[in-house]
Each structure stands twice: as C-alpha cells, then as structure tokens.
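# Summary of structural features
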Amino acid sequence: MHQAPEIKLQLYDRLTSGNSYKVRLLLSFLDIPYETIDVPLENGRNKVDDAYLALNPRGQIPTLVHGDVVLWGSTAILAYLASQFDAAKTWLPPQPVAIGRIMQWLEFAQNEVTSGLFRARAIRRFGYLGDLEQASRDGIKGLRCLTAHSGSATGWERRIRPSPTLLASPMQPWRPKADST
Ligand SMILES: N[C@@H](CCC(=O)N[C@@H](CS)C(=O)NCC(=O)O)C(=O)O
C-alpha cells in the first residue's frame, strides 16, 4: 500500500495529451492523489504565460509540481514518481539491468515514438506543423520495432519481475490513439 504524499501534487496537463496521460496512468497505478491544472491549446500550441514558462521553459506539458520540486518531461516525472512514492520499488526497480531496460524503452518513446506516432497524431489532430507522410512512415517503423522487440521486453519482465514496471506506461498513450486521430 502506498502512502499518500503530504503535499498534494499538481499536474499541468490536458486530457488529450499523450505525454500527460503516461503520468496520469502512473499516478493512478500508485494511487496518488493529485490535482490537475488544464493548459489550453491555441492554434496547435499550448497557451502559456510567463508564470508557466518559469516552471517549464519548454512551455510543454506535462509539468509536475510537488512542493519545491518542479519537473517537466514525462520521462523525468515518471522516474521521480516511481522513486519517490513506490516504496516497494516495483515500478523502477534498482537492479542495474532493470534500470537499463526501462531507460532503453523510455528513450525509444522519446525518439521513435515521438517522431512517428506522436507527431502524426499531432499534425492530424492538433495542426502541428510537419510532414504527415514522413511521420506516418516513422510511426510504422517504430511500431515494427516495438512489435519485434517488445515481446522480448515483456518476456524479460515476466522472467525477472512479477509486477509491471515503468516499461508499461510510455507506450500506452499512442496505442489506442494511433488509430483515432
Ligand atoms: N518530451 C516531452 C514532450 C512533451 C510534449 O510534446 N508535450 C505536448 C503534449 S503531449 C505539448 O505540450 N504540446 C504543445 C506544445 O508543445 O505547445 C515529454 O515527454 O513530456
């Protein structure tokens, strides 16, 4: 059982944001109470002011505020939440191989998935600038890599770890959404 944090977490996000969804998933798995602050979208970009840019110089979402700790970037936020609130160390196990494997797929999510599935959806649904055909091709390439290799990742998880780890969350946003743009 996880202990609720003494200081309530704030998550700047938006319901349609896949990177925020990763964080909401882990918060929910860890049963951590939090409040959300909606960052509106305007012409395909976040509508942010100087106060928000002081929290997150990239102007992106998600951003997590936990007392004095301010973090942006879904990968960093996932690692923080798992390290800070998962006493059982299930989600981010301390073993070197586990950390390496998890970081490997989190990196994949920030590269192939971002330049492919994420970008294709963002262009089609939110009017991001970019080459939709190239993003779709990159998305398919990423999916092929995921299909070919995630079997070994989950197989590895099953052998070494009986419980899910952070490997479970970074791919989730794009699976249902890849078809629903
Ligand atoms: N690498 C960042 C990417 C964050 C990102 O691209 N966020 C999108 C929403 S999913 C966003 O803020 N888009 C609007 C904008 O950039 O103005 C992460 O993993 O958090």
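So, here is what we can say about the structure in this document. Everything numeric in this text was worked out from a predicted model, so none of it was measured.

## What to know about the overall build of the chain
Helix and strand counts for the chain stand at seven helices and six strands. Secondary structure of the chain in N-to-C order comes out as β-α-β-β-β-α-β-β-α-α-α-α-α. Of all 181 residues assigned to the chain, the portion counted as buried reaches 33%. Long-range contacts, defined as pairs at least 24 residues apart, comprise 67% of the intrachain contacts of the chain with a sequence gap of at least 6.

## Things to note about unusual backbone geometry
Pro-62 follows Ile-61 through a cis peptide bond whose omega is 5°. Counting through the fold element by element, Pro-62 comes out in the loop between helix H2 (50-55) and strand S5 (63-66). The phi torsion at Asn-43 lies on the positive side, around 50°, for a residue other than glycine. With respect to the helices and strands, the residue Asn-43 is situated in the loop between strand S3 (41-42) and strand S4 (45-46). You will see that Lys-89, though not glycine, has its phi angle at about 60°, which is positive. Here Lys-89 falls in the partly exposed class, since 14 other C-beta atoms lie within 10 Å of it.

## Digging into the sheet that holds strand S2 (residues 34-38)
Strand order across the open sheet formed by four strands is S2-S1-S5-S6, with mixed pairing between neighbours. Either end of the sheet is taken by a strand with one partner, and the two such strands are S2 and strand S6 (69-72). On average, adjacent strands in this sheet sit at an angle of 20° to one another, irrespective of strand direction. Packed on one face of the sheet, helix H1 (residues 18-29) meets strand S1 (9-13), S2 and S5 and runs near 155° to S1.

## Let's talk about the pairing of S6
The pairing of S5 with S6 spans four bridges and is antiparallel. Within S6, the position partnered with Leu-64 by the bridge is Leu-71.

## Quick notes on the site of the ligand
Around the ligand, 13 residues are found, and the nearest of them are Ser-17, Arg-45, Asn-46, Gln-60 and Ser-74. Put simply, the parts of the chain that give the shell around the ligand at least two residues each are H1, S4 and helix H3 (74-85). Considered class by class, the residues forming the shell around the ligand number two nonpolar, 10 polar and one charged.

## Examining the environment of Gly-139
Within the secondary structure layout, Gly-139 lies in helix H6 (residues 132-160). Owing to 21 C-beta atoms within 10 Å, Gly-139 belongs among the buried residues under this scheme. Separated by 24 residues in the primary sequence, Gly-139 and Ser-115 place their C-alpha atoms 7.3 Å from one another.

## Some thoughts on the nonpolar core
Ranked by internal contacts, the top residues of the largest apolar core, which has 27 residues, are Leu-26, Leu-78, Ala-82 and Leu-166. Per element, the largest residue contribution to this core is six residues, and it comes from helix H5 (residues 112-126). Shared between two domains, this core takes at least three residues from each, and those domains are domain 1 (9-85) and domain 2 (96-177). In this structure, Leu-166 is in contact with Leu-78, Ala-82, Trp-91, Leu-92, Ile-102 and Leu-106, ignoring residues within four places of it in sequence.

Thresholds applied
Counting restarts for each chain, with residues numbered from 1 along the sequence as it is written. The predicted origin of the model limits local features to residues at a pLDDT of at least 70 and limits the giving and counting of side-chain atom pairs to 80 or more, whereas totals for whole chains, interfaces and linings rest on all residues. Counting from the N terminus, the helices are DSSP H or I runs at least four residues long and the strands are E runs at least two residues long. Partly exposed residues are those whose C-beta has more than 12 but fewer than 20 other C-beta atoms within 10 Å; with 20 or more the residue is buried, with 12 or fewer it is exposed, and the C-beta atoms are placed from the backbone. Residue pairs qualify as contacts under a 7 Å threshold applied to their C-beta atoms, which are placed from the backbone. When DSSP finds two or more bridges between two strands, those strands count as paired. Geometry is summarised by axes, namely lines fitted to C-alpha atoms with helices restricted to the contacting stretch, and by angles between N-to-C directions that run from 0 to 180 degrees. A residue counts as near a molecule or strand when its C-beta atom, positioned from the backbone, falls within 6 Å of it. Three classes are used: nonpolar for Ala, Val, Leu, Ile, Met, Phe, Trp, Tyr, Cys and Pro, charged for Asp, Glu, Lys and Arg, and polar for all others, with Gly counted as polar. When buried Ala, Val, Leu, Ile, Met, Phe, Trp, Tyr and Cys residues are joined through C-beta atoms within 7 Å, the set is termed a nonpolar core. Domain delimitation follows an automatic or database domain assignment.

By themselves, these figures tell us nothing about what the structure is for.
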